[in-house]
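# Working through the structure, step by step
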Amino acid sequence: MRIDIISVAPDLLESPFNHSIIKRAKEKGLAEIVIHDLRAFGLGNYKQIDDTQFGGGAGMVMMIEPIANCIRKLQEERDYDEIIYMTPDAPTLNQSTANTLSLKENILILTGHYKGVDHRIRTLFITKEISIGDYVLTGGELAAAVLVDAVVRLIPGVIGDEQSALTDSFQDNLLSPPVYTRPSNFEGSKVPEILLSGNFPKIEDWRSDQAYERTQQIRPDLLK
Ligand code: 6GU
């Protein structure tokens, strides 16, 4: 999978993509992530990328031309399956969206700053808009890092243990059951007996029950 990201703060994206799973995915050639500095497409001597908004109001708006020029240049190289705009006023990211995106070949992600982008970018170029939750971040970079992490780890071959991505919380709309490792008794606090029983069908039943109970308690909205 190839992921291009357009950003006004490319530095913010260096570290998250050079660690652990994403780093491994890049090294194995399973994911290629390229960051593009929008400033390079800024207008005039000052490389302007934002301006005051029509109709008045506080806050700067990202201009249409630098973004349009950047997107069009990237489109000369490849066709994108999705052009995604990261913004809080959008549907919230969930596991199902991550699963769908992990099957794509080419994704372009635009990260916003300030008051956001000129709305015509959204109507003319963007095919999908994603928020990562009901709170406001300074910019879309950290949100893009969250999206890329959620997607890249699902690409077949990225996680060694294929099973583990499938048994994550949310893959079946349930939270994960509790997990334990040694010691089986820590200062009198014991691991549930069933997990030491060796009775694997019963252990699976127990895990399912726990997943359902925890979801009921912590995130009843997931059960609907
Ligand atoms: Cl995608 N961007 C920003 N700036 N804030 C957010 C967000 C995105 N998702 C939640 N908050």
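Residues numbered from 1 in each chain as written. Predicted model: local features only at pLDDT ≥ 70, side-chain atom pairs only at ≥ 80, totals over all residues. Heavy atoms only, no water.

### Concerning the side chain of serine 7
For serine 7, the location among the structural elements is in strand β1 (residues 2-7). On the accessibility criterion, serine 7 (1% relative accessible area) is buried. If we skip the residues at most four places from it in the chain, serine 7 touches Leu13, His36, Asp37, Leu38, Thr111 and Glu141. (Helix = DSSP H or I, 4+ residues; strand = E, 2+ residues; numbered from the N terminus. Buried < 20%, exposed > 50% of the residue type's maximum accessible area, 1.4 Å probe, protein only. Contact = heavy atoms within 4.5 Å.)

### Some thoughts on the site of the ligand
As a matter of local geometry, the ligand sits amid Met86, Thr87, Pro88, Ile130, Ser131, Ile132, Gly133, Tyr135, Leu137, Gly139, Gly140 and Ala143. Take leucine 137: an N or O atom from its main chain is 3.0 Å from a nitrogen atom of the ligand. Within the complex, 96% of the 290 Å² of free accessible area of the ligand lies under protein. Across the shell around the ligand, the residue classes break down as seven nonpolar, five polar and no charged. (Near = heavy atom within 4 Å. Polar contact = N/O pair within 3.5 Å; in protein donor to acceptor, adjacent residues only side chain to side chain. Areas by Shrake-Rupley, 256 points an atom, 1.4 Å probe, with all protein chains shown as cover. Nonpolar A, V, L, I, M, F, W, Y, C, P; charged D, E, K, R; others polar.)

### Notes on the UniProt feature "binding site: S-adenosyl-L-methionine" (unreviewed entry) in the chain
Sites flagged by UniProt as "binding site: S-adenosyl-L-methionine" (unreviewed entry) map to Gly112, Ile132, Gly133, Asp134, Tyr135, Val136 and Leu137. As for its position among the elements, isoleucine 132 is in the loop between β7 (128-130) and α6 (141-152). Every residue in contact with isoleucine 132, bar those within four places of it in the chain, is listed here: Met86, Thr92, Leu93, Leu137, Ala143 and Val146. Of note, glycine 133 is situated in the loop between β7 and α6. (UniProt positions renumbered as here; feature names shortened; annotations may be inferred.)

### Focus: empty space enclosed by the protein
Where empty space is left in the structure can be found by rolling a water-sized probe over the atoms. This model, assessed by the stated rule, comprises one cavity of 30 Å³ or more. When its volume is computed, the largest cavity comes out at roughly 40 Å³. If you go around the largest cavity, the residues you meet are Met1, Ile3, Ile84, Leu101, Ile107, Ile109, Leu147, Val148 and Val151. Residue assignment for the lining of the largest cavity shows that the elements contributing at least two residues are β6 (106-111) and α6. At three residues, α6 tops the list of elements feeding residues into the lining of the largest cavity. For the lining of the largest cavity, the per-class residue count stands at nine nonpolar, no polar and no charged. (1 Å grid on protein atoms, 1.4 Å probe; cavity = no way out; pocket = protein on both sides within 12 Å on 5 of 7 lines; lining within 4 Å. Points joined across faces, edges and corners; volume = space filled by probe spheres on them.)

### Describing the nonpolar core
Of all hydrophobic cores here, the largest spans 29 residues; its most connected members are Ile109, Leu147 and Val148. Listed by contribution, the elements that provide at least two residues to this core are β1, α2 (20-27), β5 (82-86), α4 (95-101), β6 and α6. Counting residues per element, this core draws most heavily on α6, at seven residues. Each residue touching leucine 147, except ones within four places of it in the same chain, is listed here: Ile84, Met86, Leu93, Leu101, Ile109 and Ile130. Residues Leu38, Tyr85, Leu108 and Leu110 belong to the second largest nonpolar core, which totals 20 residues. (Core = buried A, V, L, I, M, F, W, Y, C linked by side-chain atoms within 4.5 Å.)

### Comments concerning the sheet that holds strand β2 (residues 32-37)
Taken together, the five strands give an open sheet; going across it, the order is β2-β1-β6-β5-β7, and neighbouring strands pair in parallel fashion. Unpaired on one side and paired on the other, β2 and β7 mark the two borders of the sheet. Neighbouring strand axes in the sheet, compared pairwise and without regard to direction, differ in orientation by 20° on average. Inspection of the sheet shows β1 paired to β6 by five bridges, in the parallel sense. When the bridges of β6 are listed, aspartate 4 appears paired with leucine 108. (Pairing = 2+ DSSP bridges. Axes fitted to C-alpha atoms, helices over the stretch in contact; angles between N-to-C directions.)

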